[in-house]
There are 4 protein chains.
Amino acid sequence: MPLSEQQLLNMKQKRKDILEAATKLFATEGFEGTTIKKVSEAANISFGSVFTYFKDKDELFYTAVVEPLKELSENVFAFSTEAENPMIELEKMIETHFKLFAGINAYLTLIVQVIGQHHRYPDIFKELDRFHDEFRKRVSLLVENGQHKGMFAQQDPLTVATLYTSLLIGIRLNTTDTRYSDMWEQYVLSAINLFGPIKK
Amino acid sequence: MPLSEQQLLNMKQKRKDILEAATKLFATEGFEGTTIKKVSEAANISFGSVFTYFKDKDELFYTAVVEPLKELSENVFAFSTEAENPMIELEKMIETHFKLFAGINAYLTLIVQVIGQHHRYPDIFKELDRFHDEFRKRVSLLVENGQHKGMFAQQDPLTVATLYTSLLIGIRLNTTDTRYSDMWEQYVLSAINLFGPIKK
Amino acid sequence: MPLSEQQLLNMKQKRKDILEAATKLFATEGFEGTTIKKVSEAANISFGSVFTYFKDKDELFYTAVVEPLKELSENVFAFSTEAENPMIELEKMIETHFKLFAGINAYLTLIVQVIGQHHRYPDIFKELDRFHDEFRKRVSLLVENGQHKGMFAQQDPLTVATLYTSLLIGIRLNTTDTRYSDMWEQYVLSAINLFGPIKK
Amino acid sequence: MPLSEQQLLNMKQKRKDILEAATKLFATEGFEGTTIKKVSEAANISFGSVFTYFKDKDELFYTAVVEPLKELSENVFAFSTEAENPMIELEKMIETHFKLFAGINAYLTLIVQVIGQHHRYPDIFKELDRFHDEFRKRVSLLVENGQHKGMFAQQDPLTVATLYTSLLIGIRLNTTDTRYSDMWEQYVLSAINLFGPIKK
DNA sequence: TATGAATGAGGTTTCATTCAT
DNA sequence: GATGAATGAAACCTCATTCAT
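All figures in this text were calculated on a predicted structure; none of them were measured in a lab. (Residues numbered from 1 in each chain as written. Chains lettered and ligands numbered in written order. Predicted model: local features only at pLDDT ≥ 70, side-chain atom pairs only at ≥ 80, totals over all residues. Heavy atoms only, no water.)

**With respect to the UniProt feature "DNA-binding region" (unreviewed entry) in chain A**
Here is step 1 of the chain: Mapped onto the present numbering, the UniProt feature "DNA-binding region" (unreviewed entry) falls on residues 35-54 of chain A.
Here is step 2 of the chain: Along residues 35-54 of chain A the backbone is 55% helical and 0% strand, and the end-to-end C-alpha distance reaches 14 Å. (UniProt positions renumbered as here; feature names shortened; annotations may be inferred. Helix = DSSP H or I, 4+ residues; strand = E, 2+ residues; numbered from the N terminus.)

This is the structure:
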């Protein structure tokens with residue numbers, strides 16, 4: 001007798017609850033600071049059920065970090081490297097990124113942990129690195145486009161792209177409080193300078 | 001019986017050994033991943049001796065993070081906010097910072113951990129925040145100076161300073177391998193753009 | 001609605017499948033090493049179904065050990081204590097036993113576990129003890145018969161019988177590999193000596 | 001500062017206490033039935049101290065089984081294969097073995113467990129197998145000696161030796177109660193028959 | 001001061017059993 | 001009857017901290 005439709009939905013929801021609770025806890029308390037007991041309580045399920053959905057704590061952590069990457073990619077990569085007007089595209093991109101990153105505070109904190117101690121999480125780090133490489137590549141293409149059109153000063157596109165992604169993650173680290181959400185418009189304006197915009 | 005000169009020197013050295021070993025371990029293995037046993041072995045002293053020099057693990061971690069801040073300040077703040085030529089001062093400052101940060105990899109990883117999980121380390125975080133605030137303040141003063149002299153584009157000085165410190169820590173995160181040390185000259189050139197330098 | 005003939009047959013088969021799988025697993029992995037999940041997988045039925053046929057793990061173990069005893073009795077006791085020629089009967093008996101024991105390796109391993117830790121399985125042990133007592137009694141009767149007829153040397157019949165059953169189970173323990181099946185003919189010849197056969 | 005003589009003695013005693021408690025428990029309750037907590041209580045030490053002396057439960061079990069083998073060897077192998085009068089040597093040997101085995105009930109039960117489930121304990125089993133092989137070899141040498149001198153009937157010496165060791169371990173299994181200790185003299189007399197003694 | 005054995009709290013994980021579907 | 005998700009007790013093991021020497 002296979003599980004009913006309703007049961008499957010319930011399970012999907014439970015899995016999501018666990019993952020959300022775990023993400024929040026991992027972000028604020030770290031990997032070891034997060035106990036399965038805390039997760040189960042935060043997700044409002046029994047202790048044992050966590051292991052019904054995730055084989056062990058490692059898998060839970062891995063999933064919490066890697067699974068959202070796919071959706072994140074879609075949003076982060078949603079700009080055109082071939083835009084007619086790279087300057088406008090860049091502004092839109094930066095604004096999108098800043099707004100986006102402001103909204104996934106807990107998740108980014110998680111990412112920072114993994115990167116900061118990548119020796120401990122080699123498998124997860126590999127995924128993040130892949131993501132980061134593609135991210136930089138796409139940004140550098142837009143930069144190149146803008147340089148061709150004479151809108152950005154000449155400099156190594158990949159270097160700028162690297163500085164840009166560094167800035168994005170660095171802001172997350174530096175602005176731990178809510179100020180961030182109020183400030184991002186300011187930040188966007190200044191961040192554009194990184195790309196060496198040429199005023200006409 | 002007071003301790004002899006030699007004994008005092010020995011103890012000072014041991015304390016330093018422990019702290020160095022602990023910093024490396026905390027950075028690569030995290031707080032929980034670092035055990036007192038590992039520290040004592042890495043520092044080549046007995047297990048029990050760690051507790052002679054540090055009351056408990058928390059104090060060891062606190063010291064490892066906070067104690068180097070003083071010396072770091074001296075190096076990081078070693079630029080003149082009132083410089084005659086802010087552009088040149090800025091370039092020198094950025095270069096100093098990048099070189100400096102490239103050399104204290106383990107320590108910065110520690111910093112990142114504390115910031116990333118500041119809820120867990122409120123006392124340590126307070127110290128880091130103090131440091132950061134002063135850092136940004138000093139940078140923003142240099143920016144203001146440059147803007148007055150018409151060398152930098154107009155933008156909120158504190159915002160630029162925040163983006164700059166974000167960039168600094170973000171680069172540390174993004175470049176986990178040795179590429180960093182080879183690249184920092186490139187990075188310096190592009191990072192200057194953040195300040196909106198006005199070409200004459 | 002009563003169950004159909006077919007369904008009853010199905011259930012009987014399932015019960016048998018579970019018991020066979022359980023016996024093999026209990027023998028090789030021990031009581032705790034055997035999980036209900038493993039049993040269900042080995043028996044190709046669902047996890048929950050095990051509990052349909054056996055109230056709990058203890059009952060499953062009990063049944064796996066005790067239920068085959070009845071059939072085993074029939075084969076083990078299939079010799080005549082009143083035989084005309086006790087020597088020939090003895091030889092036949094030993095051969096039968098050795099061949100029989102060679103073929104039920106897994107089951108005997110189970111028996112050994114229960115005997116070896118009889119404190120843990122008092123109920124099961126009681127059954128085995130009953131079986132063993134009857135076994136020895138029957139063997140000792142044959143010995144007595146042979147002694148009356150002057151074919152076996154005088155010695156306490158029950159003692160010989162005990163040594164004989166000890167030998168049977170001991171061989172099972174000592175020959176864990178396939179050597180056993182090749183060797184039993186040799187073993188039979190020498191085992192007879194235990195009974196003090198008198199050559200004419 | 002190295003540990004004092006007294007401390008080292010204390011530790012030796014503690015290790016022995018743990019091992020004795022563990023042996024008794026492993027024998028009566030089995031590997032999984034024996035918890036570290038039970039061991040520590042039986043040995044009158046703290047839970048954590050068990051791990052000071054044995055890295056984990058596996059090592060404790062391994063040590064409990066393998067360590068006594070050396071001393072056991074000395075006693076078990078204490079007969080002369082080249083004896084002038086093999087018959088008398090054999091009688092002495094059997095008596096020694098039976099008396100010896102009667103006194104190490106718990107340990108033998110442990111051995112039986114390992115042999116019975118040798119798949120689970122391959123490393124330990126290898127040691128036992130080594131011991132057993134040497135044991136059989138030595139017994140078979142004595143048998144050969146006796147056959148040469150015409151005191152034992154002709155039969156394959158190694159087969160007899162195997163049956164003999166089987167008998168020894170089998171008796172341990174079959175006689176779980178105290179009857180054994182009262183009976184061994186009887187057993188010795190009958191066990192000799194296994195070797196086909198030739199009456200003059 | 002230096003050492004390392006002793007302690008037990010607290011974490012992860014397994015798994016028998018229950019029970020809703 | 002069949003299924004497998006839900007539950008939590010209980011096991012192992014680690015490790016910070018204490019303390020006797």
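Now that the structure has been shown, the text picks up again.
**Here we look at the relation of the copies chain D and chain C**
Related by rotation about an axis and a shift along that axis, the two copies of the chain form a pair.
Here is step 1 of the chain: With an RMSD of 0.2 Å, the fit of chain D onto chain C corresponds to turning through 179° and sliding 0.2 Å along the axis. As the rotation angle and translation indicate, the two copies are arranged about a two-fold axis. When C-alpha distances to the rotation axis are compared across chain D, the minimum falls at Gly170(D), with a value of 1.9 Å.
Here is step 2 of the chain: Counting the interface residues of chain D, we find that 98% of their copies in chain C are interface residues as well, pointing to one common contact surface. (Least-squares fit on C-alpha atoms with pLDDT ≥ 70 in both. Contact = heavy atoms within 4.5 Å.)

**Thoughts on unusual backbone geometry**
The phi angle of most residues is negative, glycine excepted, and most peptide bonds adopt the trans form.
Residues and elements named next belong to chain C.
Here is step 1 of the chain: Of note, the phi angle at Asn-44 is positive, near 60°, even though the residue is not glycine.
Here is step 2 of the chain: Assignment of secondary structure puts Asn-44 in the loop between helix H2 (36-42) and helix H3 (50-53).
Here is step 3 of the chain: Judged by relative accessible area, which is 70%, Asn-44 ranks as exposed. (Buried < 20%, exposed > 50% of the residue type's maximum accessible area, 1.4 Å probe, protein only.)

**Observations concerning the packing of helix H6 (residues 105-116) of chain C against helix H7 (residues 122-148) of chain C**
Residue and element names in this part refer to chain C.
Here is step 1 of the chain: Following both chains from N to C, one finds H6 and H7 inclined at 115°, their axes separated by 9 Å at the closest point. Comparing their axes, H7 and H6 come out roughly perpendicular. Crossing of H6 over H7 shows left-handed handedness. For the pair H6 and H7, the contacting residues are Ile-111, Val-114 and Ile-115 in the first and Ile-124, Phe-125 and Leu-128 in the second.
Here is step 2 of the chain: In the contact of H6 with H7, the residues fall into six nonpolar, no polar and no charged. (Axes fitted to C-alpha atoms, helices over the stretch in contact; angles between N-to-C directions. Parallel < 35°, antiparallel > 145°, perpendicular 65-115°, else oblique. Left-handed = near helix turned anticlockwise from the far one by under 90°. Nonpolar A, V, L, I, M, F, W, Y, C, P; charged D, E, K, R; others polar.)

**Things to note about the UniProt feature "domain: HTH tetR-type" (unreviewed entry) in chain A**
Here is step 1 of the chain: The UniProt record marks residues 12-72 of chain A with the feature "domain: HTH tetR-type" (unreviewed entry), using the residue numbering of this structure.
Here is step 2 of the chain: Within the segment residues 12-72 of chain A, helix and strand shares are 80% and 0% respectively, and the terminal C-alpha atoms sit 20 Å apart.

**Notes on the interface of chain B and chain A**
Here is step 1 of the chain: Of the residues lining the interface, 42 residues belong to chain B; the matching set on chain A comes to 42 residues.
Here is step 2 of the chain: Overall, the association of chain B and chain A removes approximately 3500 Å² of surface from exposure, summing both partners, and the carbon and sulfur fraction of that is 60%.
Here is step 3 of the chain: Seen at the junction of chain B and chain A, the total is zero salt bridges.
Here is step 4 of the chain: Scanning the region where chain B abuts chain A turns up 14 residue pairs in polar contact (both at pLDDT 80 or more).
Here is step 5 of the chain: At 12 residues, the largest contribution of residues to the side of chain B that touches chain A is made by helix H8 (residues 157-174) of chain B. (Buried area = accessible area lost by both parts, 1.4 Å probe. Salt bridge = Lys/Arg side-chain N within 4 Å of Asp/Glu carboxyl O. Polar contact = N/O pair within 3.5 Å; in protein donor to acceptor, adjacent residues only side chain to side chain.)

**Things to note about the packing of aromatic side chains**
Here is step 1 of the chain: Scanning the model with the defined rule gives 45 aromatic pairs over all chains in all.
Here is step 2 of the chain: Taking the centre distance of 4.9 Å and the plane angle of 40° together, the rings of Phe61(A) and Tyr121(A) count as tilted. Here Tyr121(A) lies in the loop between helix H6 (105-116) and helix H7 (122-148) and Phe61(A) lies in helix H4 (residues 57-76), a separation of 60 residues in the sequence.
Here is step 3 of the chain: Summarising the aromatic geometry, the rings of Phe31(C) and Tyr121(C) are spaced 6.2 Å apart at their centres and angled 65° between planes, so their arrangement reads as edge-to-face. (Phe/Tyr/Trp six-rings, centres within 6.5 Å; stacked < 30°, edge-to-face > 60°.)

**Topic: the environment of Glu127(C)**
All names here are of chain C.
Here is step 1 of the chain: Among the secondary structure elements, Glu-127 is positioned in helix H7.
Here is step 2 of the chain: Accessibility expressed as a relative area gives 22% for Glu-127, which makes it partly exposed.
Here is step 3 of the chain: Sequence separation of Glu-127 and Ala-106 is 21 residues, and the distance between their C-alpha atoms is 18 Å.
Here is step 4 of the chain: Aside from chain neighbours lying at most four places away, what touches Glu-127 is Tyr-62, Val-66 and Leu-69.

**Describing the packing of helix H1 (residues 5-33) of chain A against H6(A)**
Residues and elements named next belong to chain A.
Here is step 1 of the chain: Where H1 meets H6, the closest approach of the two axes is 8 Å, and the angle between their N-to-C directions is 45°. Here H1 is positioned oblique relative to H6, judged by the angle of their axes. Two packed elements cross with a definite hand, and for H1 against H6 that hand is left-handed. Of the residues in H6, those touching H1 at Thr-23, Phe-26, Ala-27, Gly-30 and Phe-31 are Ala-106, Tyr-107, Thr-109, Leu-110 and Gln-113.
Here is step 2 of the chain: Of the residues that constitute the contact of H1 with H6, the class distribution is six nonpolar, four polar and no charged.

**Points about helix H7 (residues 122-148) of chain B**
Here is step 1 of the chain: Over its 27 residues, H7(B) runs 38 Å from end to end, which matches the ideal 39 Å to within 8%, given 1.5 Å per residue.
Here is step 2 of the chain: Gly150(B) occupies a position one or two residues after H7(B) and carries a positive phi of about 75°. (Expected span 1.5 Å × (residues − 1).)

**Some remarks on the environment of Leu90(C)**
Residue and element names in this part refer to chain C.
Here is step 1 of the chain: Note on placement: Leu-90 falls in helix H5 (residues 86-103).
Here is step 2 of the chain: For Leu-90, a relative accessible area of 1% translates into the label buried.
Here is step 3 of the chain: Distance from Leu-90 to Val-143, taken between C-alpha atoms, is 8.4 Å for residues 53 residues apart in sequence.
Here is step 4 of the chain: Every residue in contact with Leu-90, bar those within four places of it in the chain, is listed here: Leu-142, Phe-152, Ile-192 and Phe-195.

**Let's talk about a nonpolar patch on the surface**
All names here are of chain A.
Here is step 1 of the chain: On the surface, Leu-3, Leu-8 and Met-11 cluster together into a nonpolar patch covering about 250 Å² of accessible area.
Here is step 2 of the chain: On the secondary structure map, Leu-8 appears in helix H1.
Here is step 3 of the chain: For Leu-8, a relative accessible area of 44% gives the class partly exposed. (Patch = residues over 30% accessible without salt bridge, like charges linked within 9 Å, V, L, I, M, F, W, Y side chains within 5 Å. Areas by Shrake-Rupley, 256 points an atom, 1.4 Å probe, with all protein chains shown as cover.)

**Details of the domain arrangement of chain A**
All names here are of chain A.
Here is step 1 of the chain: When its domains are assigned, chain A resolves into domain 1 (1-54) and domain 2 (67-195).
Here is step 2 of the chain: Centre-to-centre, using C-alpha coordinates, domain 1 lies 30 Å away from domain 2.
Here is step 3 of the chain: Of the roughly 600 Å² buried where domain 1 meets domain 2, counting both sides, 54% is carbon and sulfur surface.
Here is step 4 of the chain: Considering only the side of domain 1, the residues that lose the most area to domain 2 are Thr-23, Ala-27 and Phe-31, jointly responsible for 54% of the buried surface there.
Here is step 5 of the chain: The interface formed by domain 1 and domain 2 contains two salt bridges.
Here is step 6 of the chain: We note a salt bridge from Glu-67 to Arg-15, for which the minimum N-O separation is 2.9 Å.
Here is step 7 of the chain: Our count for the contact surface shared by domain 1 and domain 2 stands at four residue pairs in polar contact (both at pLDDT 80 or more).
Here is step 8 of the chain: Split by residue class, the side of domain 1 that touches domain 2 holds four nonpolar, two polar and two charged. (Domains from an automatic or database assignment.)

**Some points on the interface of chain D and chain C**
Here is step 1 of the chain: Contact residues are listed per partner, giving 43 residues for chain D and 42 residues for chain C.
Here is step 2 of the chain: Interface area, chain D with chain C, both sides summed: about 3500 Å², of which 59% is carbon and sulfur.
Here is step 3 of the chain: When the buried area of chain D at its contact with chain C is split by residue, Leu163(D), Leu173(D) and Asn174(D) rank highest and sum to 17% of it.
Here is step 4 of the chain: One can count zero salt bridges joining chain D with chain C.
Here is step 5 of the chain: The interface formed by chain D and chain C contains 14 residue pairs in polar contact (both at pLDDT 80 or more).
Here is step 6 of the chain: If you list the elements that add at least two residues to the side of chain D that touches chain C, you get helix H1 (5-33), helix H6 (105-116), helix H7 (122-148), helix H8 (157-174) and helix H9 (179-191) of chain D.
Here is step 7 of the chain: The element that contributes the greatest number of residues to the side of chain D that touches chain C is H8(D), accounting for 12 residues.

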